[in-house]
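What follows is the residue order along each chain.
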Amino acid sequence: MAHRVRPNFPDNDGQRDEHFPYAHDVVASVMELLTVDDLRSMCHTSRRIRAVALAVIRRRFNSLLGPYVASHLMEFVDMMRFSGAVITGSIARAMITGVHGMLPLNLNIVVPYESFRLFDKFIHLELGYSAVSRKAHPAVAPAICRFREYAYRGRVITISAARPTHSLLHIILNAPTTADMVVMSAGGVAWFYPVWLRRGFAIRTRSSEFVAIDHELGLSGEHARDIRLEHDLEFTKSPCGLSCPTLWHHMEDTSFRRFVDWDRDDSVTRLFSNIDLEWRLSPECTNSRCSYRVAVMERNLYLNGAHYNEDVKYMPPEIRRRLPV
């Protein structure tokens, strides 16, 4: 087990002190309603406000994981660090937006291939969960090498292992909607298409086509009050521009992702280091105002041998270096 490193939170844990006696509770209550991005901005105002903001972040982190791990929170965080595991799905999204209404019922964990057995044993022996399924949902199964679903007292935990040659981001970016493209480590959280999430809408990806109406998978199977789910950007009544679902994006393009760290020792940015990964949301766009819409792009020739069926893939060195293939 890795050596336990406590998060870099202030020593006073954001608690009230003699210089800040009455306003503390009011400020903390207001901060509970803020997104994690806004809380990070509050950290740059003053030392006392920073202390309260970081305490709010820790309480949110603990409250989201607590129902699943009970008294084993520190052991669970240590296991995340040791195994390289991350959290995705509704728990990670609630860490970004804050908890509105009921807590999520599922805890979705993504682990490297070599850490699957270790985490499986931890959930069985330490947390007391029982395995109920070994079959991943068909919509995301192509990106997953090994899968387990566990249940205990009405709570569900899933573990998805990336393929041996793949990054954990292969699973994250194959999510059914852009609002599900979120990933949280023990010390930070990152999300894709941050402008859309802040504006309260998400776009379906091609994998959502495999989710039946009466089944749940990510946001495409949830009734999210605060997020509007769309098939494309037609509802904006404007061209898609560089945000068109059909366009490929490389991991080096930071304009399509955002992150907030609360513990630099466990920064979520490590997941994005030195990785030649590119993705797109869909092979087709039906926005009538978009220059990349299917009516235009279907005239392009699909070359033999090109892997158009993959929406998340490593960029071949020949393409990255602009060499002929």
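The preceding data block contains the structure.
Nothing here was measured: the structure is a model prediction, and the numbers come from that model.

Caption draft 1: Representation of the sheet that holds strand β13 (residues 312–314) within the structure. Ordered in space as β10-β12-β13, the 3 strands form an open sheet in which the pairing is antiparallel. Looking at which strands have only one partner, the edges of the open sheet turn out to be β10 (249–250) and β13. Pairing between strand β12 (residues 277–279) and β13: 3 bridges, direction antiparallel. Pairing of Leu277 across the sheet is with Tyr314, part of β13.

Caption draft 2: The nonpolar core, seen in detail. Counting residues in each nonpolar core, the largest one holds 53 residues, and the members touching the most others are Phe76, Leu107, Ile109, Phe119, Ile123, Ile157 and Met184. The element contributing the most residues to this core is helix α3 (residues 47–69), with 11 residues. With near-sequence residues (within four places) excluded, Ile157 lies in contact with Tyr68, Leu107, Ile109, Ile123, Leu127, Tyr129, Arg148, Glu149 and Tyr150. One finds Ala136, Ala143, Leu168 and Cys244 within the second-largest nonpolar core, a separate group that totals 38 residues.

Caption draft 3: Structural context of the pattern of salt bridges. For the structure on display, the rule yields 10 salt bridges. Put simply, Glu32 and Arg59 hold a salt bridge, and the shortest N to O gap is 3.3 Å. Of the two residues, Glu32 is situated in the loop between α1 (23–31) and α2 (36–42) and Arg59 in helix α3; the sequence distance between them amounts to 27 residues. Taking the shortest distance from any N to any O, the salt bridge between Asp37 and Arg258 comes out at 2.5 Å. A residue pair is termed long-range when its members are at least 10 positions apart, and Asp37 in helix α2 and Arg258 in strand β11 (residues 257–261) qualify at 221 residues. With relative accessibility at 8%, the residue Asp37 sits in the buried group.

Caption draft 4: A look at the environment of Thr254. Turning to its location among the elements, Thr254 is positioned in the loop between β10 and β11. Spatially, the C-alpha atoms of Thr254 and Phe192 are 9.2 Å apart, while their sequence positions differ by 62 residues.

Caption draft 5: Here's a closer look at the packing of α3 against helix α4 (residues 73–83). Packing of α3 against α4 brings their axes to within 10 Å, and their N-to-C directions diverge by 100 degrees. With respect to their mutual orientation, α3 and α4 come out roughly perpendicular. Across the interface between the two elements, Phe61, Asn62, Leu65 and Val69 of α3 pack against Leu73, Phe76 and Val77 of α4. In terms of residue class, the contact of α3 with α4 is built from 6 nonpolar, 1 polar and no charged.

Caption draft 6: Expanded view of the packing of α3 against helix α5 (residues 90–97). The geometry of α3 relative to α5 is characterised by a closest axis approach of 10 Å and an angle of 155 degrees between their N-to-C directions. By the criterion of interaxial angle, the relationship of α3 to α5 is roughly antiparallel. Both α3 and α5 take part in a crossing whose hand is right-handed. Residue-level contacts link Ile57, Arg60, Phe61, Leu64, Leu65 and Tyr68 of α3 to Ile91, Ala94, Met95, Ile96 and Thr97 of α5. Across the contact of α3 with α5, the residue classes break down as 9 nonpolar, 1 polar and 1 charged.

Definitions and cut-offs
- Residues numbered from 1 in each chain as written.
- Predicted model: local features only at pLDDT ≥ 70, side-chain atom pairs only at ≥ 80, totals over all residues.
- Heavy atoms only, no water.
- Pairing = 2+ DSSP bridges.
- Helix = DSSP H or I, 4+ residues; strand = E, 2+ residues; numbered from the N terminus.
- Core = buried A, V, L, I, M, F, W, Y, C linked by side-chain atoms within 4.5 Å.
- Buried < 20%, exposed > 50% of the residue type's maximum accessible area, 1.4 Å probe, protein only.
- Contact = heavy atoms within 4.5 Å.
- Salt bridge = Lys/Arg side-chain N within 4 Å of Asp/Glu carboxyl O.
- Axes fitted to C-alpha atoms, helices over the stretch in contact; angles between N-to-C directions.
- Parallel < 35°, antiparallel > 145°, perpendicular 65-115°, else oblique.
- Nonpolar A, V, L, I, M, F, W, Y, C, P; charged D, E, K, R; others polar.
- Left-handed = near helix turned anticlockwise from the far one by under 90°.

So yeah, pure geometry; function would need other evidence.
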